[in-house]
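Report on the structure
Residues per chain are reported as follows:
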Amino acid sequence: MSDRQMLVRLSKAVKTEMEAGPPGDAAWDATQFLTGQPQAILPLIDLIFDEGNKDRSDDGLVSAYLYLFGFGLETVRQKSEARQREADALLDSVRVAVAERGERPETDPGTMLLVLSRFIGARLDPGDGLRDLMAGMAGEMDGFGDVPGLDGGDPASFLDDLLAMSDGDPFILFEQVRQMALTLPEDHRIELGQVLFHADAPVVREAALGWFLDPAPAVRDAAAAAVADGPVVSGVTLRRMIALRSWLPEPARAPLDRAIQASRRRGVDCAPWPKGDLREAHATFIDGAGAQTLILVSASKRRSVLGNVLLKDGVGVCEVFSRPGMTKAETRHFLAMVGSVMDLMPVTPAFVEEVLRHSLAVGVDQGMPPPFGLLDLLETAGLPPPTPAWKTATALLDALPAAAGEAPWASTVYDDWIIAESWFENGDDVTSLLKAAGKRPNRARLAALVLESGLPPHREEWADRLAWVAATLHSSTDKGRKAQGVALAGIVRGVADPAVPLDSIPLMQHIAAQTVEAFLADKALKGRG
């Protein structure tokens, strides 16, 4: 069966499942197929456009295709972040394939917008070429040409639609606009921002603040001018502008500074930071891809608001979303469900602040500001906006007690941790090393090769990552986890010390063995493909 035939079969099952409720077993099967065959994302592009261009397209099937396309993009991005060059080549091929379909006269502009929005959802840049293509198609869309700069139209109806969809929440409203806006060129985003900043509804103007997070300097400059020349902003908006300032790279702060100064000259008083009501904070371990999730439980109107923050090595704060209106039972069920599939532990608010400060500093360094929704989460929890500040492995370890014993790095405290199964190397350098070892070397020989030549170049990265795991454990309000943090810190001190051979550290032996297993599993999947 070809990839296209398999995708059609899987997508039909996903469609049936999604029409009945949330994605389940069928979606799992489909995503597993894409995980093993990431190149199958290419025929998926044709399936989306072929169905979307029909006069009577099956919207449910298009939604299923788009769901899998978004997952496929996430998979490619993760492989790219893991230094796999073939993923970068595949992503280039995806952009070319989408552009080729977009240039056909029969292509539906609405379908094109949905496809490009999946790039944004996967935190991937569609590229200037696809943005320009989308801009040329935008005027053909029903309800899309309302935005000034997109073939003219009535902005009032556009804003009314946004307000209705967002239920008066500026953070939801911004996210809805962002998914569409980032598929467009700078000049279109500038004009759209002007509409939002000059809107009559205060909640729309509050949402427009997210324009200061746009990657393009021209868009940020236009946002500053709109604040200075448009309606006077509220004290809440001024407070949020001040909070955002330090989260931006230095060159991006000047427009926001101008907006803050203009607001103060116009007599705007900064609103105080909300008190909030943080009840619980939880954190996962850091997985092999360098990702960690924070879960904050806050009280609001006799219900719980569950806030999730995804952090990532080399990126910073990646994703933020909230689930308001949850009962205590729903909250407990959610935490139990997460805890059943990954290691989850209660942590202190002080740790949440510390890890956010570090992650925000990473984002500043990489030129990647956090999602606008981070402000919402912090306000709900009553946590003051963290100031970005790096925390090195050395600083983290210095703050932790010394582990007992002459060789504390020999500990196997990680033995029963679910997350330890995800700790392995899968970059191109290690993969090439293993491929060069021959067709049938045994696992032990491959693991020794990884320890000897594959892991040493990444030793510092693992020390940093594991130091944060140790800090997470030691910050836990659970005494057992806190003790595990001390033991892991002893291991990390060995990893960080070049004088300690990697093959004398059981955890690094484990990582080498997992690297081999991941390599062989990937090789087997490609062999079946």
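Residues numbered from 1 in each chain as written. Predicted model: local features only at pLDDT ≥ 70, side-chain atom pairs only at ≥ 80, totals over all residues. Heavy atoms only, no water.

Our next topic: the overall build of the protein chain. Counting its secondary structure elements, the protein chain contains 23 helices and 5 strands. Compactness check: the protein chain gives a C-alpha radius of gyration of 25 Å against a globular reference of 24 Å for 529 residues, within 12% of the reference. Overall size of the protein chain, expressed as C-alpha extent along the three principal axes, is 70 × 60 × 45 Å. The buried share of the protein chain, taken over its 529 residues, is 51%. Within the protein chain, contacts between residues separated by at least 24 positions form 71% of all contacts whose residues are at least 6 apart in sequence. Counting every atom, the protein chain has about 23500 Å² of accessible surface; 53% of that belongs to carbon and sulfur. (Helix = DSSP H or I, 4+ residues; strand = E, 2+ residues; numbered from the N terminus. Rg over C-alpha atoms; globule rule 2.2 N^0.38 Å. Buried < 20%, exposed > 50% of the residue type's maximum accessible area, 1.4 Å probe, protein only. Contact = heavy atoms within 4.5 Å. Areas by Shrake-Rupley, 256 points an atom, 1.4 Å probe, with all protein chains shown as cover.)

On to helix α1 (residues 3-20). The end-to-end C-alpha separation of α1 is 26 Å, in line with the 26 Å expected for 18 residues at 1.5 Å each. Within the sequence span of α1, burial applies to M6, L7, L10, S11, V14 and E17. The arc that holds every buried residue of α1, seen down its axis, measures 120°, which confines them to one face. Opposite the packed face of α1, turned more than 90 degrees from it, sit the exposed residues T16, E19 and A20. On the buried face of α1, the contacting elements are α2 (25-36), α3 (41-52) and α4 (59-81). (Expected span 1.5 Å × (residues − 1). Arc of directions from axis to C-beta.)

What follows deals with the pattern of salt bridges. Under the criterion given, the structure shown has 25 salt bridges. For R253, the salt bridge is made with E250, and the minimal N-O distance between the two is 2.9 Å. Note that R253 and E250 are positioned in helix α14 (residues 250-265) at a spacing of 3 residues, about one turn of the helix. Residue classification places E250 among the exposed positions, given a relative accessible area of 53%. Taken together, the shared-partner salt bridges connect R4, D46, D50 and R101 into one network. (Salt bridge = Lys/Arg side-chain N within 4 Å of Asp/Glu carboxyl O.)

Here we have 5 strands laid out as an open sheet, ordered β4-β3-β2-β1-β5, and antiparallel in their pairing. One side of each edge strand has no neighbouring strand; the edge strands of this open sheet are β4 (316-326) and β5 (344-346). Averaged over all pairs of adjacent strands, the angle between their axes in this sheet comes to 20°, without regard to strand direction. By the bridge criterion, 5 bridges tie strand β1 (residues 278-284) to strand β2 (residues 291-300) in an arrangement that is antiparallel. (Pairing = 2+ DSSP bridges. Axes fitted to C-alpha atoms, helices over the stretch in contact; angles between N-to-C directions.)

This next bit is on the packing of aromatic side chains. Counting across every chain of the model gives 8 aromatic pairs. Centre to centre, the rings of F197 and F212 are 6.3 Å apart; their planes meet at 75°, and the pair counts as edge-to-face. Of this pair, F197 sits in helix α10 (residues 186-197) while F212 sits in the loop between α11 (202-208) and α12 (217-229), placing them 15 residues apart in sequence. This pair shows no difference in class: F197 is buried, exactly as F212 is. Where F285 meets W417, the ring centres are 4.8 Å apart and the plane angle is 55°; that geometry is what we call tilted. You can see F285 sitting in the loop between β1 and β2 and its partner W417 sitting in the loop between α18 (393-398) and α19 (428-435), a full 132 residues away along the chain. Members of the aromatic cluster, each reached through a chain of ring pairs, are F171, F174, W211 and F372. Across from the ring centre of W462, 5.0 Å away, lies the NZ or CZ of R465, which sits over that ring. (Phe/Tyr/Trp six-rings, centres within 6.5 Å; stacked < 30°, edge-to-face > 60°. Lys NZ or Arg CZ within 6 Å of the ring centre and 35° of its normal.)

Put simply, helix α13 (residues 235-245) and α14 touch, their axes get as near as 10 Å, and they point 150° apart. With respect to α14, the element α13 is oriented roughly antiparallel. Between α13 and α14 the crossing geometry is left-handed. Touching L238, M241, I242, L244 and R245 of α13 are R253, L256, D257, A259, I260, S263 and R264, all from α14. In terms of residue class, the contact of α13 with α14 is built from 7 nonpolar, 1 polar and 4 charged. (Parallel < 35°, antiparallel > 145°, perpendicular 65-115°, else oblique. Left-handed = near helix turned anticlockwise from the far one by under 90°. Nonpolar A, V, L, I, M, F, W, Y, C, P; charged D, E, K, R; others polar.)

Bringing the nonpolar core into the picture now. One finds F69, V98, F119 and W423 to be the most contacted residues of the largest nonpolar core, which totals 148 residues. With near-sequence residues (within four places) excluded, W423 lies in contact with F285, I286, D287, G288, W417, W462, L466, V469, L507, I511 and Q514. (Core = buried A, V, L, I, M, F, W, Y, C linked by side-chain atoms within 4.5 Å.)

In this section: the confidence of the model for the protein chain. Across the protein chain, pLDDT averages 87, with 95% of residues at or above 70. Across residues 141-153 the pLDDT falls below 50, and counting only partners more than four positions away or on other chains, this stretch makes 33 contacts in the model. (pLDDT = per-residue confidence, 0-100.)

With their axes 10 Å apart at the nearest point, helix α16 (residues 349-366) and helix α21 (residues 459-474) run at an angle of 160° to one another. The angle between α16 and α21 falls in the class roughly antiparallel. The two elements α16 and α21 meet at a crossing, and its hand is left-handed. Contact residues: α16 offers F351, E354, V355 and H358, while α21 offers W468, A471 and T472.

Before going further, it helps to spend a moment on a negative patch on the surface. Among the surface-exposed residues, D132, E186, D187 and E191 lie close enough to one another that they form a single negatively charged patch. In terms of residue count, α10 provides more of the negative patch than any other element does, 3 residues in total. Here D187 shows up in helix α10. Judged by its relative accessible area of 44%, D187 is partly exposed. (Patch = residues over 30% accessible without salt bridge, like charges linked within 9 Å, V, L, I, M, F, W, Y side chains within 5 Å. Lys, Arg positive; Asp, Glu negative; His and termini not counted. Charge placed at Lys NZ, Arg CZ, Asp CG, Glu CD.)

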